[in-house]
Amino acid sequence: MKLLASFAASAAALTFATSALAADYMEQGERIKGRSYSPAVITEGGRVVWLAGETTTTDLTGKDIKGDFEAQARTVFALIDQTLKRAGGSLQDVVTMTVFMTDARNGATFSKVRSEMFPNRNFPASAQITVSNLAVPGMQIEIQATAVIGDKCSKTSPCIPH
């Protein structure tokens with residue numbers, strides 16, 4: 001029984017370790033070089049997870065972060081990662097996101113935070129939309145995303161025709 005549990009844990013760890021490599025991220029062209037999004041992400045197979053819009057006015061410890069865009073962005077990414085871990089994946093499985101911000105001037109800060117969240121530079125395809133308000137006063141960002149867990153496409157097994 002102990003051996004079976006150990007095998008199951010090893011298989012789960014291997015699944016999670018390889019899931020971050022899933023999907024084939026199209027290279028950035030000259031027009032968007034250095035930006036923190038991909039022009040397209042190609043997947044084939046895998047389990048698709050559609051995430052509801054995530055937003056917050058408190059960090060993970062419960063501290064009020066109304067009016068602190070960067071703290072809200074970091075916390076929203078952490079919350080998305082928590083949800084995806086419950087589904088068997090991680091933030092690295094996100095293939096597309098729609099970002100709603102209440103102030104377009106926060107775009108550079110968001111790009112910096114997103115670059116940190118995807119250090120392998122496999123950025124999701126993305127849309128960034130400025131809105132006048134979000135659901136609760138003090139909210140400055142909302143992210144809706146789609147993830148593909150366990151996709152067969154990757155840098156070592158590309159699905160983009162070359």
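Computed from a predicted structure; not experimentally measured. (Residues numbered from 1 in each chain as written. Predicted model: local features only at pLDDT ≥ 70, side-chain atom pairs only at ≥ 80, totals over all residues. Heavy atoms only, no water.)

Participant: A description of the environment of isoleucine 141 should follow, citing residues and the corresponding values.
Facilitator: Position of isoleucine 141 among the secondary structure elements: in strand β6 (residues 141-149). With a relative accessible area of 0%, isoleucine 141 lands in the buried category. Considered as a pair, isoleucine 141 and aspartate 68 are 73 residues apart in the sequence and their alpha carbons are 10.0 Å apart. (Helix = DSSP H or I, 4+ residues; strand = E, 2+ residues; numbered from the N terminus. Buried < 20%, exposed > 50% of the residue type's maximum accessible area, 1.4 Å probe, protein only.)

Participant: Provide a residue-level description of the side chain of threonine 75, including the pertinent values.
Facilitator: If you trace the backbone, threonine 75 turns up in helix α2 (residues 69-86). Look at threonine 75 and you get buried, because its relative accessible area is 7%. There is a polar contact of 2.8 Å between the side chain of threonine 75 and the backbone oxygen of alanine 71. Every residue in contact with threonine 75, bar those within four places of it in the chain, is listed here: Thr56, Thr58, Asp59, Leu60 and Ile65. (Polar contact = N/O pair within 3.5 Å; in protein donor to acceptor, adjacent residues only side chain to side chain. Contact = heavy atoms within 4.5 Å.)

Participant: So what about the sheet that holds strand β4 (residues 94-101)? Which residues, and what values?
Facilitator: Judged by pairing direction, the sheet is mixed, and its four strands sit side by side in the order β3-β6-β4-β5 without closing on themselves. The outermost strands of the open sheet, each flanked by one partner alone, are β3 (47-54) and β5 (125-130). The average angle at which neighbouring strand axes cross in this sheet is 10 degrees, direction not considered. The pairing of β4 with β6 spans seven bridges and is classified as antiparallel. The residue bridging threonine 98 from the neighbouring strand is glutamine 144, located in β6. This element, α2, spans β3, β4 and β6 of the sheet and lies at about 30 degrees to β6. (Pairing = 2+ DSSP bridges. Axes fitted to C-alpha atoms, helices over the stretch in contact; angles between N-to-C directions.)

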